[in-house]
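Coordinate inspection notes
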Amino acid sequence: MTFPKRKSVFSLPINPKIDSKFAETIFVPWLKRYKDYIVDLYFTSRMPPFDNDAMGDVFDGDIRQLFYNAKAISEECGIPLSATFNNIYVRPDVENLNLFIRNFSQLYENGVRIATIPHTSWVSTGALQKEFPELKIKNTILRNVSKANEIVSLAKAGFHYINLDRDLMRDRDALLRIKEAKEYCASIGKPVELSLLANEGCWGGCSMMDEHYHYNNTRNYNNPQYFMDPISTNSCAKWDIEDNSHALKSANLPPWKKDWEEFIDLGIDVFKMHGRENAMKLNESMTIIESWAKDSELLF
């Protein structure tokens, strides 16, 4: 798989909770205006065996509507869709792989050509590539990829696009090593794109992040989301109040565009923007992309 040169460097989420008025009067017109800067629109997708994911939302009604809503937005603005299956706690066995292939075939037949697959063992079998030969396969940020050798291993396994651990934005030396690994992958006929989550707001090196995702990935109707549960009160909700330096500890890119451009020089192809479950973050992501397009010195 080869990747075209482009000026688009952002992967933007579709928040499944936006209403039709916002979508029709604000979101879609905005997407049409800035589509040249957006690689894809990633959306929440739920189908067995992925009945939940790290976002933690539980949906009522027909979950297929998540896809139809995203498809309508994609077709209206002409930006490719990227289906997100973001639950590493789904058992990575052959039975679940076959179940996923049967269900995902419906999305593939409806034009989805990009997907986040959480299990390297599934991708390494080659079954997904055989059944969906045009599928661009992303890994999940939940795997905390942070080393050069992991880039090579994932490329050899069959991934086309690798979401890096967000903490790497503070480690220039590691990014340089990863850039060399990326160049090596291209030299052996296994090119990959690299993505870095830009504006989530979580603390870098958070000691409870994996538990936060574990909680959300396994919740049901009887449980609130992680930050609505009392167990979360001793995590970042507390730290943000008690630590005056909390803004400096969040794993966010700096506001200056020149710093973002330096990450591109370091091998980053795509900035993954936040907001799949947070309307304020989606608005922030839109503001950053708009500022980038206008070549503003400060993106936010």
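These numbers were taken from a predicted model, which means no experiment stands behind them.

Procedures and definitions
- Residues numbered from 1 in each chain as written.
- Predicted model: local features only at pLDDT ≥ 70, side-chain atom pairs only at ≥ 80, totals over all residues.
- Heavy atoms only, no water.
- Helix = DSSP H or I, 4+ residues; strand = E, 2+ residues; numbered from the N terminus.
- Buried < 20%, exposed > 50% of the residue type's maximum accessible area, 1.4 Å probe, protein only.
- Polar contact = N/O pair within 3.5 Å; in protein donor to acceptor, adjacent residues only side chain to side chain.
- Contact = heavy atoms within 4.5 Å.
- Axes fitted to C-alpha atoms, helices over the stretch in contact; angles between N-to-C directions.
- Parallel < 35°, antiparallel > 145°, perpendicular 65-115°, else oblique.
- Left-handed = near helix turned anticlockwise from the far one by under 90°.
- Nonpolar A, V, L, I, M, F, W, Y, C, P; charged D, E, K, R; others polar.
- Pairing = 2+ DSSP bridges.
- Right-handed = clockwise from strand over helix to strand, strands pointing away.

1. Some details on the side chain of Arg276
Looking at the secondary structure, you find Arg276 in the loop between β8 (270-272) and α12 (279-293). Since its relative accessible area comes to 6%, Arg276 is described here as buried. Polar contacts involving the side chain of Arg276 include one to the side chain of Thr44, which spans 2.8 Å. Only 2.7 Å separates the side chain of Arg276 from the side chain of Asp53, close enough to count as a polar contact. Aside from chain neighbours lying at most four places away, what touches Arg276 is Pro13, Ile14, Asn15, Pro16, Tyr42, Phe43, Thr44, Asp53, Met55, Thr84 and Asn86.

2. Thoughts on the environment of Arg113
Checked against the element boundaries, Arg113 lands in the loop between α3 (94-109) and β4 (114-116). Overall, the relative accessible area of 27% leaves Arg113 in the partly exposed class. In this structure, Arg113 is in contact with Leu81, Tyr108, Glu134, Leu135 and Lys136, ignoring residues within four places of it in sequence.

3. Notes on the packing of helix α1 (residues 20-34) against α12
Taken N-terminus to C-terminus, the directions of α1 and α12 make an angle of 30°; their axes are 11 Å apart at the nearest point. By the criterion of interaxial angle, the relationship of α1 to α12 is roughly parallel. In terms of crossing hand, the pair formed by α1 and α12 is left-handed. Packed against α1, whose contacting residues are Phe22, Phe27, Trp30 and Tyr34, the element α12 presents Leu282, Met286, Ile289, Glu290 and Ala293 at the interface. Its residues placed into classes, the contact of α1 with α12 shows eight nonpolar, no polar and one charged.

4. Focus: the pairing of strand β6 (residues 161-164)
Two faces make up the sheet, and in a regular strand the side chains alternate between them. Neither face of β6 is left uncovered, since the one carrying Tyr161 and Asn163 and the one carrying Ile162 and Leu164 both have all their residues buried. Inspection of the sheet shows β6 paired to strand β7 (residues 193-197) by four bridges, in the parallel sense. Of the residues in β7, the one forming a bridge with Ile162 is Leu194. Note on the crossover from β6 through helix α7 (residues 172-187) to β7: the handedness is right-handed.

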